[in-house]
Amino acid sequence: MKREIPLFVCVVSALAMIIAYYSPKLDWMDDMLQKWFLIIAVFAFILGAISIILVNGNRISKQVPGWGYNVVLLIGLFVTLGLGIFGGIDPKTPFFYIFTYIFTPLSATMFSLLAFFIASAAFRAFKAKTWEATLLLIAAFIVMLGRVPLGELMWSWLPVLKHYSLNNLVENWIMGCFNTAGQRAILLGASVGLISISLKILLGIERPYMGGE
Amino acid sequence: MLNRLLVLIIFAFWAMPAWAQEAAEETAKDVRWFNPDRLPNVIGVLLIGFFVFWYIIHAQSGKKLFIRRIAGLNAIDEAVGRATEMGKSVMYITGLADVDDIQTLASLSILGHVAKKTAEYESNLLVPCCRSVVMTTAQEVCKEAYLRAGRPENFKRENVRYLTDDQFGFVAGVDGIMVREKPAANFYMGTFYAESLILAETGNATGAIQIAGTASSSQLPFFVAACDYTLIGEELYAASAYLSGEPKQVGSLKGQDVGKALILAAIIISTIIITFFPQTHEFIKNTIFKS
C-alpha cells in the first residue's frame, strides 16, 4: 500500500492533466490540480522554514566558524516575517521598505556579478587551442562586433567587406542558420526525451517522487 | 499514517464533484470535448509513445540493447570518488524549478544515484534546495539511497536543506556554501536560468570538478564553458535509464531514438517538398495542417 497509493495518485493526476490539455470541456481539471499543488506547496513551505530554523539554530548553538552570519539570517527571517504579518506589505510599510531598499538592491548586486562571470567564462572558452575552438572564437568575435555600434563603424573601414551588411551576417547567417539550427536540434531531442520520461513516470517505471525506488 | 492518507484521498474524491462544478462554471466557456488544433500534437505524442512502449516490452524479453557512452554520466562516480579522496563534500543542486517540472524529476532520479555513491564511499553530500517541496522529496530520495547502500545511519537530514525561493538569494546562499565548505564535486542538474553561470563560475573558482545537465537551451553554453562535463538536453532525461541499466529503462531510450529518427525523416521530407514541390507544400498546409 505504501507504494501503490502514491502510484495511483500519480497516474490519476497525470491522466487528468493530459485529458485537460486536449479537451477544452475538461480543462477545469487542470485548474483544480494546480490549486491542489499550491495547497500542498504551502504546507511544504512551512517545512522549508523549519529546515532554515533548525539548520541555522544548530550552527549557532554549536558556534561553528561564521555562526554570526546564521544569527543575521535568523534575525532577518523573523523581523521580515513579523513586519509582514503585523504591519502589512502595502507601500510605506516597514516591510515594503525592507523589500525595496534592502532585498531588491542585494538581488541586483548578485545579478550584476553575471557580467564579470561572463567575461571570465568567455576568456576560458575562447582560447584557440584547436581548430573548432578557433572557429568558435572567430564566430563569437563577429557576433560581438555585430552587437555594438563600434563594430558597424569598424566594419565600414574594411575594404571589400564594407559592401556587405554586418548586421545581416550576424543576425541572418550566424544566429539565424547555425545558432537556431543547433538550438532546435537540442530542443527536439529534449522534447522526445520529455515524452519518454513522462510515459515512464505515468507507467510507474520511474518513480523519483517515491525516493527513487 | 496510511489510514489517514486513505481518508484524505476519499475526502478529496468526495469533494471533487462540487469543486469541479464550481471550476467548470468559471472556466468552461469552450464546450468541445476535443480541441482539433492539438490533433498533430496528439498524433506525435501517441506515435513516439508507441515506440517507447514497444521498446520497453521488447527490452523485457532479455535482448541486449546498445546505448552510446555518455561521458558526463560516467564521470559521476569519478567525481564522487575524487571528493572522497580529498575528504571534502559533494554538492548537488536540483535547479530552480519546483517538483512539477519534469527536469526536476529527472534530476531527483540522478540524485538517487549520486546519494547512493556518496553513501557507499562515506562522503558528505550537501543538497541546498530552492523549493520546499523539492527539499522534502530530495530528503526522501537521499534517505532511500542511503538505505539501499546499507548505511542509513550516515544520512544527515539537515544536509538536504532549504535556502530560499528567491533566485538570487539562492545563488548567494549556494555560493556562500561553495566558498566556505569548498566541495570537491558540484552537480547542477535541472532547470536553470540566469544564475547558471554565477553558480558554475564560483564552483570553478573553488577548484571543484563540475558536472551539469539541463534542457534549458539558453543556459547550456554557460555550463559548457564553466563545467567539466555537461549533459545536453535529452541526456538529462536519459540519465536515470543509463545509470540504472534496467532493461525497461534502456528500452525507453531506444524508443526515444526511433522517435528522433522519425522527426529527422519528417524534416528531410519536408525540406525536399518545400524546395522542389512548392504546390504540394501549399496543398498539405491548406488541408492537413489547416486550423
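For clarity, every value in this text was computed on a predicted model and none was experimentally measured.

**Student:** Is there a simple way to explain the overall build of chain B in this structure?
**Tutor:** If you tally the helices and strands in chain B, you get eleven helices and six strands. Out of the 291 residues belonging to chain B, those deemed buried represent 47%. Taking as baseline every contact in chain B between residues at least 6 positions apart, the subset at least 24 positions apart corresponds to 69%.

**Student:** Even after reading the chapter, I still don't get the overall build of chain A, so can you show me in this structure?
**Tutor:** Of the regular secondary structure elements, chain A holds seven helices and zero strands. Traced from its N-terminal end to its C-terminal end, chain A shows the element sequence α-α-α-α-α-α-α. Relative to a compact globule of 213 residues, whose C-alpha radius of gyration would be 17 Å, chain A shows 27 Å and is clearly more extended. When the backbone C-alpha atoms are referred to their principal axes, chain A occupies close to 70 × 50 × 40 Å.

**Student:** Whenever I open this one, the interface of chain B and chain A confuses me. Can you help?
**Tutor:** Often the size quoted for an interface is simply the accessible area lost on bringing the parts together. Taken together, the 84 residues of chain B in the interface contact 64 residues of chain A. A combined buried area of about 6400 Å² lies between chain B and chain A, and 72% of that area is made up of carbon and sulfur atoms. Linking chain B with chain A are one salt bridge. Here arginine 124 of chain A ties to glutamate 201 of chain B by a salt bridge, and the two come within 2.4 Å at their closest N and O atoms. Scanning the region where chain B abuts chain A turns up 16 residue pairs in polar contact (both at pLDDT 80 or more). Residue contributions to the side of chain B that touches chain A peak at 13 residues, all from helix α1 (residues 2-27) of chain B. For the side of chain B that touches chain A, the residue count by class is 47 nonpolar, 17 polar and 20 charged.

**Student:** In this structure, what is going on with the sheet that holds strand β1 (residues 90-95) of chain B? I would like to understand it.
**Tutor:** Strands belonging to one sheet form pairs held by backbone hydrogen bonds; the direction of such a pair is parallel or antiparallel. All names here are of chain B. The strand order across the open sheet built from six strands is β3-β2-β1-β4-β5-β6, with neighbouring strands paired in parallel fashion. What marks the edges here is a single partner per strand, and that holds for β3 (160-162) and β6 (229-232). Strand after strand, the sheet turns through a mean of 15 degrees between neighbouring axes, direction not considered. As defined by bridge partners, β1 adjoins strand β2 (residues 125-129) across two bridges and the pair is classed as parallel. Across the sheet, methionine 91 pairs through a bridge with leucine 126, a residue of β2. Of the strands in this sheet, β1, β2, β3 and β4 (185-191) are in contact with helix α6 (residues 167-181), which crosses β2 at around 160 degrees.

**Student:** Hey, could you run me through the packing of aromatic side chains in this one?
**Tutor:** Two numbers describe a pair of aromatic rings. These are the distance of the centres and the angle of the planes. A complete count under the given rule lists 15 aromatic pairs over all chains for this structure. Ring centres 6.1 Å apart and planes at 70 degrees place the aromatic pair phenylalanine 45 of chain A and tyrosine 162 of chain B in the edge-to-face group. With phenylalanine 45 of chain A in helix α2 (residues 28-62) and tyrosine 162 of chain B in strand β3, this residue pair bridges two chains. Aromatic rings pair up to connect Tyr21 and Tyr22 of chain A together with Phe34 of chain B into one cluster. Here the guanidinium or amino end of arginine 38 of chain B rests over the ring plane of tyrosine 21 of chain A, the centre of that ring lying 4.0 Å away.

Rules used throughout
- Residues numbered from 1 in each chain as written.
- Chains lettered and ligands numbered in written order.
- Predicted model: local features only at pLDDT ≥ 70, side-chain atom pairs only at ≥ 80, totals over all residues.
- Heavy atoms only, no water.
- Helix = DSSP H or I, 4+ residues; strand = E, 2+ residues; numbered from the N terminus.
- Buried < 20%, exposed > 50% of the residue type's maximum accessible area, 1.4 Å probe, protein only.
- Contact = heavy atoms within 4.5 Å.
- Rg over C-alpha atoms; globule rule 2.2 N^0.38 Å.
- Buried area = accessible area lost by both parts, 1.4 Å probe.
- Salt bridge = Lys/Arg side-chain N within 4 Å of Asp/Glu carboxyl O.
- Polar contact = N/O pair within 3.5 Å; in protein donor to acceptor, adjacent residues only side chain to side chain.
- Nonpolar A, V, L, I, M, F, W, Y, C, P; charged D, E, K, R; others polar.
- Pairing = 2+ DSSP bridges.
- Axes fitted to C-alpha atoms, helices over the stretch in contact; angles between N-to-C directions.
- Phe/Tyr/Trp six-rings, centres within 6.5 Å; stacked < 30°, edge-to-face > 60°.
- Lys NZ or Arg CZ within 6 Å of the ring centre and 35° of its normal.

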